[in-house]
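# Architecture and fold: a report
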Amino acid sequence: MKKALIALAIGGFGIGMTEFVIMGILPDVAEALNISIPKAGHFISAYALGVVVGAPILTGIGGKWPAHKVLLVLMLWFTIFNTISAFANSYTTLLIARFLSGFPHGAFFGIGAVVAGKLADKGKAAQAIAVMFSGLTLANLIGVPLGTYFGHHFHWNIAFMIVGVIGILAMVGIYYWMPELPQSSKQGMRKDFGALRRAEIWLVILLTTIGTGGFFAWYSYIAPLITEVAGYPENAVGYAMVLAGGGMVIGNIVGAKVADKYSPINAVIIFLSLMVVALVVNTLVAHNQIAVMVMTFLIGGLAFCIASPIQMTMINSAKGSEMLGSSLNQSAFNMGNASGAYLAGLPIAMGYGFTSADLVGAAMAGGGIIIALVIVRVRASKRKASVAVS
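Reference entry: report on the structure contained in this document. (Residues numbered from 1 in each chain as written. Predicted model: local features only at pLDDT ≥ 70, side-chain atom pairs only at ≥ 80, totals over all residues. Heavy atoms only, no water.)

### Quick notes on the overall build of the protein
Along its length, the protein carries 17 helices and zero strands. Against the globule reference of 21 Å for 390 residues, the protein gives a C-alpha radius of gyration of 20 Å, in line with a compact fold. By its C-alpha atoms, the protein is 65 × 45 × 35 Å across when sized along the principal axes. Expressed as a percentage of its 390 residues, the buried residues of the protein come to 56%. Considering only contacts within the protein whose residues lie at least 6 apart along the sequence, 84% involve residues at least 24 apart. Accessible surface, the protein: about 16400 Å² in total, of which carbon and sulfur atoms supply 69%. Here the protein contributes 22 positively and 12 negatively charged side chains, and the mean placements of these two sets differ by 17 Å. (Helix = DSSP H or I, 4+ residues; strand = E, 2+ residues; numbered from the N terminus. Rg over C-alpha atoms; globule rule 2.2 N^0.38 Å. Buried < 20%, exposed > 50% of the residue type's maximum accessible area, 1.4 Å probe, protein only. Contact = heavy atoms within 4.5 Å. Areas by Shrake-Rupley, 256 points an atom, 1.4 Å probe, with all protein chains shown as cover. Lys, Arg positive; Asp, Glu negative; His and termini not counted. Charge placed at Lys NZ, Arg CZ, Asp CG, Glu CD.)

Right, here's the structure in full:
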């Protein structure tokens, strides 16, 4: 079982690296392709759009095959289009490659989370999912800084070549370490999508989009916060992102343990509440160079304290269609990425300063708490109705 989870973690490392390394090498890509940096930003949006579109499509199509084979095909797809990205020599080619690179992201994490939960010992499902997500956190700690360094000092395409190699390693791990698993979906695509009639699933999607959007509201503007507000030189941004990545690694472990002990939805409420406090505090101490780095580590940690619990919350809400629901939750993470960055940019554009992004993030995390409490209420009502019927 441990080797199977390691194979999922390797895949998560590759996915995390390709999603975030583009942000670090964006100026290099723009210069090489002779386009503006804002236009190069389309490569970030294209990947996120691929995640949102690809998650339900590939999960639905893959439902008729065993989960271990679906995971292998998803990683093959991922490897092919990231390798194509490395050799793209035009804006259009790279845009298409980035869109298609994002397609397997949500399905891989969605199906992988359900598989990890099934392989886990009783009462440790969230911790097993956290092992898979550890690849994503380590990518932010190690992979993204390394890819950025090589991409900036040698050639931007080296970063995507590294991702391609990681994809191959993940495929090898899945092939040799993943046990044979049953069909991904026993009830078929039509019945799986029929689960979307449940209000609770949409509440979890809304929770993930708005609640995690609070983190992305802060993370999207971390560079100007470090340089313009705290007064660090530009090269300090890289160190700040490594600190955030370190927090993510620890938070991923802590969040899973809390979820297994107190229930996933309660863990989400706890950590979103702490996120609200941390983001508000950050607006007050951001001018202090030491304090802003401490808060960078803390906020990064709190963000990934939520990762496994919120994924387990969806799996519990989507009974019978766990893999589809879990994959859709990955789409919601990316919608949170887009909405957090957009909404946080509005007050900045109005001239309220970069710390205003943190207040937007706190408001979004607070909105997530309200939605989580509604989910708790809905579940309680269902239990009362079930007892009354019996």
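### Remarks on a nonpolar patch on the surface
A cluster of nonpolar side chains, namely Ile6, Ile168, Val172, Tyr175, Tyr176 and Trp177, defines an oily patch on the protein surface of about 660 Å² accessible area. Sort the elements by how many residues they give to the nonpolar patch and helix 8 (residues 157-177) lands first, with five residues. Relative to the helices and strands, Val172 resides in helix 8. (Patch = residues over 30% accessible without salt bridge, like charges linked within 9 Å, V, L, I, M, F, W, Y side chains within 5 Å. Salt bridge = Lys/Arg side-chain N within 4 Å of Asp/Glu carboxyl O.)

### Here's the deal with the nonpolar core
Phe43, Val115, Met178, Leu207, Phe215, Trp218 and Ile226 are the most contacted members of the largest nonpolar core, which has 120 residues in total. Here this core takes twelve residues from helix 6 (residues 91-119), the largest share from any one element. Phe43 has contacts with Ile22, Val29, Leu33, Ile35, Tyr91, Leu94, Leu95 and Arg98, leaving out every residue within four places of it along the chain. Counting six residues, the second-largest nonpolar core is a separate cluster that includes Ala217, Ala344, Val360 and Met364. (Core = buried A, V, L, I, M, F, W, Y, C linked by side-chain atoms within 4.5 Å.)

### Focus on the layout of surface pockets
A volume near 1100 Å³ is recorded for the largest pocket. Around the largest pocket sit 33 residues that line it, and Phe20, Met23, Gly24, Ile44 and Met241 are the ones nearest its centre. Elements with a contribution of two residues or more to the lining of the largest pocket: helix 1 (2-24), helix 2 (26-33), helix 4 (42-62), helix 7 (125-153), helix 10 (199-219), helix 11 (222-229), helix 12 (236-262) and helix 16 (322-349). For the lining of the largest pocket, the leading source of residues is helix 7, giving seven residues. In terms of residue class, the lining of the largest pocket is made up of 21 nonpolar, eleven polar and one charged. (1 Å grid on protein atoms, 1.4 Å probe; cavity = no way out; pocket = protein on both sides within 12 Å on 5 of 7 lines; lining within 4 Å. Points joined across faces, edges and corners; volume = space filled by probe spheres on them. Nonpolar A, V, L, I, M, F, W, Y, C, P; charged D, E, K, R; others polar.)

### A look at the environment of Ile315
Looking at the element boundaries, Ile315 is found in helix 15 (residues 307-317). Overall, Ile315 belongs to the buried group, its relative accessible area being 8%. As a C-alpha pair, Ile315 and Phe133 span 182 residues in sequence and 15 Å in three-dimensional space. Setting aside anything within four residues of it in sequence, one finds Ile315 in contact with Ala113, Val114, Ile129, Glu322 and Ser326.

### Digging into helix 12
For helix 12, spanning 27 residues, the distance from its first C-alpha to its last is 38 Å, which sits close to the expected 39 Å at 1.5 Å a residue. Two residues or fewer past helix 12, Ser263 is found with a positive phi of approximately 95°. (Expected span 1.5 Å × (residues − 1).)

### Some remarks on the pattern of salt bridges
Counted under the stated rule, the structure contains two salt bridges. Here Arg379 ties to Glu200 by a salt bridge, and the two come within 2.8 Å at their closest N and O atoms. Here Arg379 is found in helix 17 (residues 356-389), whereas its partner Glu200 is found in helix 10, with 179 residues between them in sequence. Judged by its relative accessible area of 7%, Glu200 falls in the buried class. Members of the salt-bridge network, linked through shared partners, are Glu200, Arg379 and Lys382.

### Some points on the packing of helix 1 against helix 6
In contact at an axis separation of 10 Å, helix 1 and helix 6 are set at 150° when each is read in the N-to-C sense. The angle between helix 1 and helix 6 falls in the class roughly antiparallel. For the pair helix 1 and helix 6, the crossing hand works out as left-handed. Residues Ala4, Leu5, Leu8, Gly11, Gly12, Ile15, Thr18, Glu19 and Ile22 of helix 1 pack against Arg98, His105, Phe108, Phe109, Gly112, Ala116 and Leu119 of helix 6. Here the residues of the contact of helix 1 with helix 6 sort into nine nonpolar, five polar and two charged. (Axes fitted to C-alpha atoms, helices over the stretch in contact; angles between N-to-C directions. Parallel < 35°, antiparallel > 145°, perpendicular 65-115°, else oblique. Left-handed = near helix turned anticlockwise from the far one by under 90°.)

### A few points about empty space enclosed by the protein
What the rule picks out here adds up to two cavities of 30 Å³ or more. What lines the largest cavity is a set of 23 residues, among which Leu136, Phe215, Phe216, Phe304 and Phe333 lie closest to the centre. At the level of secondary structure, the elements contributing two or more residues to the lining of the largest cavity comprise helix 1, helix 6, helix 7, helix 10, helix 13 (264-285), helix 14 (289-305) and helix 16. If one sorts the elements of the lining of the largest cavity by residue count, helix 10 sits on top with five residues. Counted as a void, the second largest cavity has a volume near 40 Å³. Along its surface, the second largest cavity is lined by Glu19, Met23, Ile44, Tyr47, Ala48, Asn334 and Asn337. Of all the secondary structure elements, the ones that give two or more residues to the lining of the second largest cavity are helix 1, helix 4 and helix 16. For the lining of the second largest cavity, the element with the most residues is helix 4, which contributes three residues. Of the residues contributing to the lining of the second largest cavity, the split by class is four nonpolar, two polar and one charged.

Geometric values such as these leave the question of function open.
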